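Fold and geometry: a report
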Amino acid sequence: MTNNLKQEILRSIAITGPMPISQYMHLCNAHPQLGYYSTGNPVGKDGDFITAPEVSQMFGELIGLWGLQAWHTLNCPDPVQIVELGPGRGTMINDIIRSIKTSQKFSDATEIRLVETSPSMKSEQQLKLAEHSISIQWVENIEELPPIPAIFIANEFLDAIPFRQFVKTIDGWRELCVGLNGDNQPENNQLAFVVGSSGLEENLLPPGHENEPIGAIFEHAPAREAISILIAQHINTQGGAALIIDYGHEISGFGDTFQAVQSHQPISTLTNPGHCDLTCHVDFQAISDVAIQNGLKAGSILTQQDFLLAMGLLERAGRLGHDKSASVQQKIQQDVHRLVADDQMGKLFKVLCLTQSEYPMPLFDHHTVGIRNLS
Ligand code: SAH
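Rules used in this analysis
- Residues numbered from 1 in each chain as written.
- Predicted model: local features only at pLDDT ≥ 70, side-chain atom pairs only at ≥ 80, totals over all residues.
- Heavy atoms only, no water.
- Helix = DSSP H or I, 4+ residues; strand = E, 2+ residues; numbered from the N terminus.
- Polar contact = N/O pair within 3.5 Å; in protein donor to acceptor, adjacent residues only side chain to side chain.
- Contact = heavy atoms within 4.5 Å.
- Buried < 20%, exposed > 50% of the residue type's maximum accessible area, 1.4 Å probe, protein only.
- Pairing = 2+ DSSP bridges.
- Near = heavy atom within 4 Å.
- Areas by Shrake-Rupley, 256 points an atom, 1.4 Å probe, with all protein chains shown as cover.
- Nonpolar A, V, L, I, M, F, W, Y, C, P; charged D, E, K, R; others polar.
- Axes fitted to C-alpha atoms, helices over the stretch in contact; angles between N-to-C directions.
- Left-handed = near helix turned anticlockwise from the far one by under 90°.
- Salt bridge = Lys/Arg side-chain N within 4 Å of Asp/Glu carboxyl O.
- Expected span 1.5 Å × (residues − 1).

Along the chain, Q125 turns up in helix α8 (residues 119–129). A polar contact is formed between the side chain of Q125 and the side chain of W138, at a distance of 2.8 Å. If we ignore the near neighbours within four places in the chain, the residues touching Q125 are P87, G88, R89, G90, L114, E116 and W138.

Dropping the structure here:
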């Protein structure tokens, strides 16, 4: 089958030269007609990848209880908005809305806003959320949010935001680009990584870069840092907190984590543009540092395992399975395993909590978050 987006990218590179990975990724994910999030079926069992909210309702419920905890530490602002960035199929916000109903006051004060750029994902979210009476609105970017306090939540959102790669060469760090590998016959051209001419300012590299070997890769994601700045600006001026969950590393470092997934299988990042999920690991230290430089307080970066267990995942699982059939109980156990086991999502996924500098960090403690009130 002809891949029209690939043809378009090949043509564009033949005319204007290699493009940075960030531009390639932006075209692949967000091209208005041919991009992955405009045309594909990314998330879920019948999609390309499964995210934690799609594994189990317990994930979104515990995030909702964290939101309640955050609201209390912020002195219960009314009105307040829960803002989800990149809500996918709307599953997590659906579970959050159910779980915040455990507090009538919080639920009455809350407006929901979803930041989504893809019209097709937005339609799916609208269908899923149609039954809720709570006010739900969609915006395309953080700057469109109304000036009221915000509790931001983002799961597997930042990994989908474009990033740049730099490779160490004998002439210093140079940007890796997507170019052509062919014999100048247009029909033979294929996409290939090529070393571009742009460099990187040394102060953007993590410590120890001098000791990295030739060929080492550094991933830099200014577009993700810009999102961290927008979150910080909103929280500084209007109040609020944020919870960011994704796969990634606590400490900035080196290595190639650019990946493509199609139908739950890894494929080459250049093979099928627009038809697979292109991501790279999130550098949580960079996101946290930028938030702190912009006036927020940041918690230590936790693993998803530590976060969910502290939030009461096991208690919630026990309660959910109570009085249920053996097969339902077994399914709940499998879901817990998937969410927190070392070799599943437990260690690779990290959690970063940000808040307004004058308030304490919301606690991750199931004794205080009202887990018993979930039905
Ligand atoms: N959070 C969801 C889905 C993650 S997939 C889950 O955990 O299941 C990434 C989501 O981010 C999709 O909904 C995609 O359309 C959206 N998205 C991608 N780039 C975006 C951008 N720049 N702004 C807003 N949403 C974006």
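Looking now at the pairing of strand β5 (residues 150–155). Here is the key point about a regular strand: its side chains alternate between the two faces of the sheet. Most of β5 is tucked away, with six of its six residues classed as buried. Residues A150, F152 and A154 of β5 are buried on one face, and the alternating residues I151, I153 and N155, pointing to the opposite face, are buried as well. When strand β2 (residues 80–85) meets β5, the two strands line up parallel, connected through five bridges. Within β5, the residue paired with E84 across the bridge is I153. Where β5 lies against strand β10 (residues 240–249), six bridges are found, and the strand directions are parallel. Across the sheet, residue I151 finds its bridge partner in β10, namely A241.

Turning our attention to the site of the ligand. Surrounding the ligand, one finds 17 residues, the nearest of these being T51, G86, G88, E116 and N155. Contacts to the ligand include E116, whose side-chain N or O atom sits 2.6 Å from an oxygen atom. The contact in question runs from a nitrogen atom of the ligand to an N or O atom on the backbone of N155, over 2.7 Å. For the ligand, whose unbound accessible area comes to 580 Å², protein coverage reaches 90%. Taken together, the residues of the shell around the ligand break down into eight nonpolar, six polar and three charged.

Now for the packing of helix α9 (residues 222–238) against helix α10 (residues 284–293). At a minimum axis distance of 9 Å, the contact between α9 and α10 shows a crossing angle of 35 degrees. The two elements α9 and α10 meet at a crossing, and its hand is right-handed. Contact with α9, carried on its side by R224, E225, S228, I229 and A232, involves A286, I287, V290 and A291 of α10 and no other residues of that element. Its residues assigned to classes, the contact of α9 with α10 shows six nonpolar, one polar and two charged.

This next bit is on the pattern of salt bridges. Under the definition given, this model contains nine salt bridges. In this structure, R89 engages D46 in a salt bridge whose closest nitrogen and oxygen atoms are separated by 3.8 Å. Here R89, found in the loop between β2 and α6 (91–100), pairs with D46, found in the loop between α3 (36–39) and α4 (52–55); they are 43 residues apart in sequence, far enough to count as distant. The closest approach of N and O atoms between R98 and D95, which form a salt bridge, is 2.6 Å. On the criterion of helical spacing, the pair formed by R98 and D95 is a turn pair, its members being three residues apart in helix α6. What makes D95 buried here is its relative accessible area of 5%.

End to end, α9 covers 24 Å across 17 residues, agreeing with the expected 24 Å (1.5 Å per residue, within 8%). Taken together, the buried positions of α9 are occupied by R224, E225, I227, S228, I231, A232, H234 and I235. Once α9 finishes, G239 follows within two positions and takes phi at roughly 95 degrees, a positive value.

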